[in-house]
Amino acid sequence: EKVEGRSLPISSNAMFTKSNVIIGINPGWRYLGLAVLNGTDLRDWRIKVVSGKTLHEKENYLSVHIAKLIDQYHLSAVALKALHASRCSQPLKALVAAIERQLNEKQVPIFRYSIGEIKNILMPEKKRSNKMMLCNVLASNYPALYQKLNREGVIKNSYYTRMFEAVACGVVCLRLRQFKS
């Protein structure tokens, strides 16, 4: 099992309470971007390879991984990047539906955000923005992300962008939920 990412150290007495842990997920057929926020603290961020060749294999693999996340972090919510209707395949839609079913069964609230909504909330002053600008905004708020940002700038395939978008989903969810409290 290949996992790209890093966790910030968490003291042994740190408790994840149901009131403040949000997981950001950016779903993909091959890779899943994941981010864990405990309040405003970014605790974990990674790219998770989605093992399996068929939809059923991938669903089973993600089911186990999502269950581990739910058990480990006692989630208050999941922030999911919304799929673009015309830019994703039917198997990816089915995979995301399986994730949502599992979260609903565990009664974990799901909030969906499009990339446009994310950019508008995190960069309201920018009329024209792109994903690299979004990555820079996130890295300025979470300096530990600079290493991945620098790697992303060097490679042509935007591998870590999925992870940055998962972080952005979590941050947007946190901000919007704070305003509603």
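Residues numbered from 1 in each chain as written. Predicted model: local features only at pLDDT ≥ 70, side-chain atom pairs only at ≥ 80, totals over all residues. Heavy atoms only, no water.

Caption draft 1: Seen up close, the side chain of lysine 58. Tracing the chain through its elements places lysine 58 in helix H1 (residues 55-73). Despite its burial, lysine 58 pairs with no opposite charge; the closest candidate is glutamate 57, at 7.5 Å N-O. Excluding residues that lie within four positions of it along the chain, lysine 58 makes contacts with Trp29, Arg30, Val50, Ser51, Gly52, Lys53 and Leu95. (Helix = DSSP H or I, 4+ residues; strand = E, 2+ residues; numbered from the N terminus. Buried < 20%, exposed > 50% of the residue type's maximum accessible area, 1.4 Å probe, protein only. Lys, Arg positive; Asp, Glu negative; His and termini not counted. Salt bridge = Lys/Arg side-chain N within 4 Å of Asp/Glu carboxyl O. Contact = heavy atoms within 4.5 Å.)

Caption draft 2: Spatial organisation of unusual backbone geometry. Phi at histidine 74 takes a positive value of approximately 50 degrees, unusual for a residue other than glycine. Looking at the secondary structure, you find histidine 74 in the loop between H1 and strand S5 (77-81). Here glutamine 107, not a glycine, exhibits a phi torsion of approximately 60 degrees, which is positive. Taking relative accessible area as the criterion, glutamine 107 reaches 68% and is therefore assigned exposed.

Caption draft 3: Fine view of the confidence of the model for the protein chain. Averaged over every residue, the pLDDT of the protein chain is 84; the share at 70 or more is 85%. The least confident element of the protein chain is strand S1 (residues 3-7), whose mean pLDDT is 40; the most confident is strand S6 (residues 110-113), at 96. Note that pLDDT drops below 50 for residues 1-18; the model gives that stretch 41 contacts with residues more than four away or on any other chain. (pLDDT = per-residue confidence, 0-100.)

Caption draft 4: Molecular detail of the packing of helix H3 (residues 115-122) against helix H4 (residues 131-141). Here H3 crosses H4 at 45 degrees, and the two axes come no closer than 11 Å. When the interaxial angle is binned, H3 and H4 end up oblique. Once H3 is placed against H4, the crossing between them reads as left-handed. Residues Ile115, Ile118, Lys119 and Leu122 of H3 touch H4, and the partners they reach there are Lys131, Leu134, Val137 and Leu138. Along the lines of polarity and charge, the residues of the contact of H3 with H4 split into 6 nonpolar, no polar and 2 charged. (Axes fitted to C-alpha atoms, helices over the stretch in contact; angles between N-to-C directions. Parallel < 35°, antiparallel > 145°, perpendicular 65-115°, else oblique. Left-handed = near helix turned anticlockwise from the far one by under 90°. Nonpolar A, V, L, I, M, F, W, Y, C, P; charged D, E, K, R; others polar.)

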